[in-house]
Amino acid sequence: NGRLYTWGYRGEGPDLVEVVQAREEATGKVLWEQTTHDFMSDTIYDRYTIGAVSVDEETENIISATANGILTCYSKEGEILWRVSLIERFGRLTFPNARVGAPAIDGDIVILHAVTSYWGADGPGRDRFLAFDKNTGDFRWSSTPGVGAPFLKDSSFSSPIFETRDGKRVFYAGTGCGNIVCVNAMDGT
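Residues numbered from 1 in each chain as written. Predicted model: local features only at pLDDT ≥ 70, side-chain atom pairs only at ≥ 80, totals over all residues. Heavy atoms only, no water.

**Considerations on the overall build of the protein chain**
Across its full length, the protein chain carries one helix and 16 strands. Relative to its full complement of 189 residues, the protein chain shows a buried share of 48%. Taking contacts inside the protein chain between residues at least 6 apart in sequence as the whole, the part at least 24 apart equals 47%. In the form shown here, the protein chain has an accessible surface area of approximately 9300 Å², with 50% of it arising from carbon and sulfur atoms. (Helix = DSSP H or I, 4+ residues; strand = E, 2+ residues; numbered from the N terminus. Buried < 20%, exposed > 50% of the residue type's maximum accessible area, 1.4 Å probe, protein only. Contact = heavy atoms within 4.5 Å. Areas by Shrake-Rupley, 256 points an atom, 1.4 Å probe, with all protein chains shown as cover.)

If you want it as structure tokens, here you go:
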């Protein structure tokens, strides 16, 4: 609808920020921008913003995930609608390569692929999918498909691809153990 959304970074050291911008499609003029400081990650400077923002076709809201684990939903005018700190809430891990992929929006949920280490059943560091209500940011479910150590070879931040299969909404994605998984998008099974 005449806008282009970009995600990048600028500055150095304590002044480095990740930037979400809305630009006018025809001219490239910046309409608004929001910045987030990297308060806690081991990202190598030139590896920031390896991923993309996602735009919800229904609401025109923009959803981004930063290198340091902040999942944010912006209105098309740049207002912050909700924000979740994935490090604080889910033990999301950061990495020098800063890959975050892109949030995947389907129906009324947004799904993010991340590596987390939390407590209880989610204690061991694993490749996980986290689902949130796209309108409120409320947590819906967590899924840990694939296999763990010693088979976990690398972190993977592939973005889910959706389809309806046998009457169920599912997504497919690659995991750090080298598998392709099919997960029920409604409940994470």
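**What about the sheet that holds strand β2 (residues 17-24)?**
Strand order in the open sheet formed by three strands is β1-β2-β3, with antiparallel pairing between adjacent strands. Strands with a single pairing partner mark the edges of an open sheet, and in this sheet they are β1 (3-10) and β3 (30-37). Geometrically, the sheet is characterised by an average inter-axis angle of 20° between neighbouring strands, direction not taken into account. Sheet topology note: the β2/β3 ladder contains seven bridges and is antiparallel. Directly across from V17, in β3, lies its bridge partner H37. (Pairing = 2+ DSSP bridges. Axes fitted to C-alpha atoms, helices over the stretch in contact; angles between N-to-C directions.)

**Things to note about the sheet that holds strand β15 (residues 168-174)**
Across the sheet, three strands lie side by side as β14-β15-β16; this open sheet has antiparallel pairing. Only two strands of the sheet have a single partner each, and these edge strands are β14 (161-165) and β16 (180-184). Geometrically, the sheet is characterised by an average inter-axis angle of 30° between neighbouring strands, direction not taken into account.

**Concerning the pairing of β16**
Where β15 lies against β16, five bridges are found, and the strand directions are antiparallel. What sits directly across from V170, in β16, is N184. From the end of β15 to the start of β16, which pair antiparallel, there are five residues, and G178 there has a positive phi angle of about 90°.

**Some remarks on the pairing of strand β7 (residues 70-74)**
Looking down a regular strand, the side chains alternate between one sheet face and the other. Summarising burial for β7: five of the five residues are buried, a large majority. Of the two faces of β7, the one carrying I70, T72 and Y74 and the one carrying L71 and C73 are both buried. Two elements, strand β6 (residues 62-65) and β7, share four bridges in a ladder whose sense is antiparallel. In the strand pairing of β7, S64 is matched with T72. Relative to strand β8 (residues 80-85), β7 runs antiparallel, the two sharing five bridges. Bridging from a neighbouring strand, L71 pairs with V84 of β8. Counting the residues in the hairpin turn of β7 and β8 gives five residues, including G78, whose phi is positive at 95°.

**Remarks on empty space enclosed by the protein**
Tallied over the entire structure, the rule returns two cavities of 30 Å³ or more. Of the residues assigned to the lining of the largest cavity, the class counts are four nonpolar, five polar and one charged. (1 Å grid on protein atoms, 1.4 Å probe; cavity = no way out; pocket = protein on both sides within 12 Å on 5 of 7 lines; lining within 4 Å. Points joined across faces, edges and corners; volume = space filled by probe spheres on them. Nonpolar A, V, L, I, M, F, W, Y, C, P; charged D, E, K, R; others polar.)

**Details of the pattern of salt bridges**
Using the criterion set out here, one finds nine salt bridges in the structure. One salt bridge connects E33 with R10, and the closest N-O pair in it is separated by 2.5 Å. One end of the pair, E33, is in strand β3; the other, R10, is in strand β1, with 23 residues separating them in the sequence. Here E33 falls in the partly exposed class, since its relative accessible area comes to 33%. (Salt bridge = Lys/Arg side-chain N within 4 Å of Asp/Glu carboxyl O.)

**Here's the deal with unusual backbone geometry**
Even without being a glycine, E60 presents a positive backbone phi close to 65°. Summarising the element assignment, E60 is placed in the loop between β5 (54-55) and β6. Judged by relative accessible area, which is 24%, E60 ranks as partly exposed.

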